[in-house]
Amino acid sequence: MIPAPDFDLVIFDCDGVLIDSEIISARMLVAELARLGLAIDLSYVERHFLGRSYPVVMDTIRREYGLDLPADFEARYRENLLAVFHKELKVVPHVRDVLEAMGVPFCVATSSSPRRAEISLGLAGLSALVEGRVYTSTMVARGKPEPDLFLFAANAMGARPERTLVIEDSLTGIRAGLAAGMTVWRFVGASHLGPDTPEEPEDARPHRRLESFAAFFQIAPNLKKDRSTT
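Thresholds, definitions, all that
- Residues numbered from 1 in each chain as written.
- Predicted model: local features only at pLDDT ≥ 70, side-chain atom pairs only at ≥ 80, totals over all residues.
- Heavy atoms only, no water.
- Pairing = 2+ DSSP bridges.
- Helix = DSSP H or I, 4+ residues; strand = E, 2+ residues; numbered from the N terminus.
- Axes fitted to C-alpha atoms, helices over the stretch in contact; angles between N-to-C directions.
- Contact = heavy atoms within 4.5 Å.
- 1 Å grid on protein atoms, 1.4 Å probe; cavity = no way out; pocket = protein on both sides within 12 Å on 5 of 7 lines; lining within 4 Å.
- Points joined across faces, edges and corners; volume = space filled by probe spheres on them.
- Nonpolar A, V, L, I, M, F, W, Y, C, P; charged D, E, K, R; others polar.

Novice: Is there a simple way to think about the sheet that holds strand S6 (residues 208-210) in this case?
Specialist: Strand pairing in a sheet relies on backbone hydrogen bonds. The paired strands run either parallel or antiparallel. Taken together, 6 strands build an open sheet; the order of strands is S3-S2-S1-S4-S5-S6 and the sheet is parallel. Each of the sheet's edge strands pairs with one partner strand only, and the pair in question is strand S3 (134-136) and S6. In this sheet, neighbouring strand axes are inclined to one another by 25° on average, regardless of whether the strands run parallel or antiparallel. Direction of pairing for strand S1 (residues 9-12) relative to strand S4 (residues 164-168): parallel, over a ladder of 4 bridges. Bridged to Phe 12 within S4 is Ile 167. Across the sheet, helix H8 (residues 148-156) lies against S1, strand S2 (106-110), S3 and S4, angled at about 150° from S3, the strand it touches most.

Printed below as a string of structure tokens:
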């Protein structure tokens, strides 16, 4: 196995990487749109919406289906989603162990709203581990797949793009990380993906895949905290 290079910063996406939320979000969006007479499936959501901000999702629906959503749709969807999160949301296996053992700076960069990110990370028990280091698409002019959010996060953390590792699950996020000039690993270990996930298109080809966070430090042992110095 080729050893992973040294990095000064690791940026984790949130949904589908730290928390196993994407399958819940997709299911809820399909259900809410069905109530308005729009039938889309989970596959469509994965292809077109995964990793994108809510405004982009709504613009896509309006453009492709000519559906003007009710003024209260966003608020209702978000509140219903968070209610389900309280019952079903789980942290991705081995994520806590990885974050607690990280020996280099790390942060979170997500397309979720600040409120959703705060609540989700709290429900997953990760808030204390990422406090003050959560960056959302509301902080930049352009969200993923543009590189703005990752570049903003790296700058805030004092790291150069070429020395930054991004962990993403969505093709949108992979494209953003690559456009930022960063190394990108695709995590395929959450419920909505898996080892049999089809190969990525040429413009969204990650540097490698990560099937489980249990293997994170096996791949990149130099990112782990030196226990002898703690």
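Novice: How should the layout of surface pockets be read in this particular structure?
Specialist: If a probe as big as a water molecule is rolled over the atoms, it shows which places are left empty. Counted as a void, the second largest pocket has a volume near 290 Å³. What lines the second largest pocket is a set of 16 residues, and nearest its centre among them are Glu 46, Arg 47, Leu 171, Arg 186 and Pro 201. Residue assignment for the lining of the second largest pocket shows that the elements contributing at least two residues are helix H2 (42-48) and helix H9 (171-179). If you tally residues by element for the lining of the second largest pocket, the top one is H2, at 4 residues. Split into classes, the residues belonging to the lining of the second largest pocket amount to 4 nonpolar, 5 polar and 7 charged.

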